[in-house]
Amino acid sequence: MGEEANCNVAMESAAPKENGHTTGGAAAEAKAAAALAEIAVTDAAAVPKPTPPPAAVAVDPRLQGISDAIRVVPHFPKQGIMFNDITPLLLRPGVFKDAVDIFVERYRGMAIAAVAGIEARGFIFGPAIALAIGAKFIPLRKPKKLPGEVISETYVLEYGTDCLQMHVGAIEPGERVLIVDDLVATGGTLCAAIRLLERAGADVVECACLIGLPKFKECTWLHSLQIASERWTDIDKSAVHY
Ligand SMILES: O=P(O)(O)OC[C@H]1O[C@H](OP(=O)(O)OP(=O)(O)O)[C@H](O)[C@@H]1O
Ligand SMILES: Nc1ncnc2[nH]cnc12
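The rules we used
- Residues numbered from 1 in each chain as written.
- Chains lettered and ligands numbered in written order.
- Predicted model: local features only at pLDDT ≥ 70, side-chain atom pairs only at ≥ 80, totals over all residues.
- Heavy atoms only, no water.
- Near = heavy atom within 4 Å.
- Polar contact = N/O pair within 3.5 Å; in protein donor to acceptor, adjacent residues only side chain to side chain.
- Areas by Shrake-Rupley, 256 points an atom, 1.4 Å probe, with all protein chains shown as cover.
- Helix = DSSP H or I, 4+ residues; strand = E, 2+ residues; numbered from the N terminus.
- Nonpolar A, V, L, I, M, F, W, Y, C, P; charged D, E, K, R; others polar.
- Phe/Tyr/Trp six-rings, centres within 6.5 Å; stacked < 30°, edge-to-face > 60°.
- Buried < 20%, exposed > 50% of the residue type's maximum accessible area, 1.4 Å probe, protein only.

Visitor: Which parts of the structure should I look at to understand the site of ligand 1?
Guide: Taken together, the neighbourhood of ligand 1 is formed by 16 residues, with Asp181, Asp182, Ala185, Thr186 and Thr189 sitting nearest. Within the side chain of Arg121, a nitrogen or oxygen atom sits 3.0 Å from an oxygen atom of ligand 1. At 2.8 Å from an oxygen atom of ligand 1 is found a main-chain nitrogen or oxygen belonging to Gly187. When ligand 1 is considered free in solution it has 500 Å² of accessible area, and contact with the protein chains removes 87% of it. When contributions to the shell around ligand 1 are tallied by element, the ones reaching two or more residues are strand E7 (176-183) and helix H7 (188-199). Considered class by class, the residues forming the shell around ligand 1 number 6 nonpolar, 4 polar and 6 charged.

Written out as structure tokens, the structure is:
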């Protein structure tokens with residue numbers, strides 16, 4: 001439809017125009033020059049214009065800085081693990097802030113009542129996000145750290161098993177919760193956190209983390225910045241499905 005319309009315009013412009021004046025000498029030359037100029041313009045208009053590419057997906061310019069600030073340490077804490085170390089990012093306040101801001105921009109205005117951070121690295125990003133969006137912060141802790149009555153959920157890690165605990169009463173049934181961690185590898189930790197919160201009656205809106213594998217890209221329950229994931233390709237991981 002668009003192409004057809006352009007063609008019609010070009011053909012109409014190319015038709016010679018008659019002004020009724022007699023021609024000859026300088027006047028004829030001037031008219032010829034004008035006609036040539038018109039044809040040149042018309043021909044240019046007749047050349048099909050390349051179809052503009054579909055609007056590129058805007059890449060957040062902050063992501064590169066965040067990715068660059070994460071150090072990958074091979075074979076830590078054991079052989080075969082490519083450890084994604086976020087501590088260099090924490091030494092750079094501007095980049096640290098960028099990471100927090102990206103999540104705040106996503107979750108602000110979503111009526112999130114609580115941010116649940118997973119020990120230990122979810123405690124680094126979670127409280128900052130919670131304060132910025134006006135939500136309470138709930139620590140999901142490793143065993144024997146919380147003094148009150150707890151509910152627990154065990155899970156399998158890339159390098160072992162673990163358990164998450166939460167204080168009974170930290171969440172009210174129906175409250176909208178965002179779960180925050182630094183990284184998703186197998187997804188076991190996040191899935192345990194989801195199970196724990198849902199057992200307590202929470203409405204888990206999403207899980208958010210900086211570092212993730214491409215295989216999690218389509219997960220509706222996870223928003224990962226996909227940072228550093230391309231550097232993990234030598235590790236075979238199987239996603240845990242919630
Ligand atoms: O997707 P998964 O395979 O479950 O792994 C991801 C989890 O592993 C890391 O924590 P870790 O258990 O090493 O604890 P830490 O934060 O106390 O170091 C990371 O911070 C995530 O919580
Ligand atoms: N590759 C990895 N780097 C950092 N923390 C992790 N937790 C689980 N896998 C990890």
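Visitor: How should the packing of aromatic side chains be read in this particular structure?
Guide: Ring pairs (aromatic) are described by centroid distance and by the angle formed between their planes. All told, the structure shown has 3 aromatic pairs when counted by the stated rule. Plain terms: the ring middles of Phe76 and Phe83 are 4.9 Å apart, the flat faces sit at 85° to each other, and that makes the pair edge-to-face. Using a relative accessible area of 43% as the deciding quantity, one classes Phe76 as partly exposed. Judged by its relative accessible area of 15%, Phe83 falls in the buried class. For the pair Phe123 and Phe137, a centre-to-centre distance of 6.0 Å together with 85° between the ring planes defines the contact as edge-to-face. Of this pair, Phe123 sits in helix H6 (residues 122-133) while Phe137 is found in strand E4 (residues 136-140), placing the two residues 14 residues apart along the sequence.

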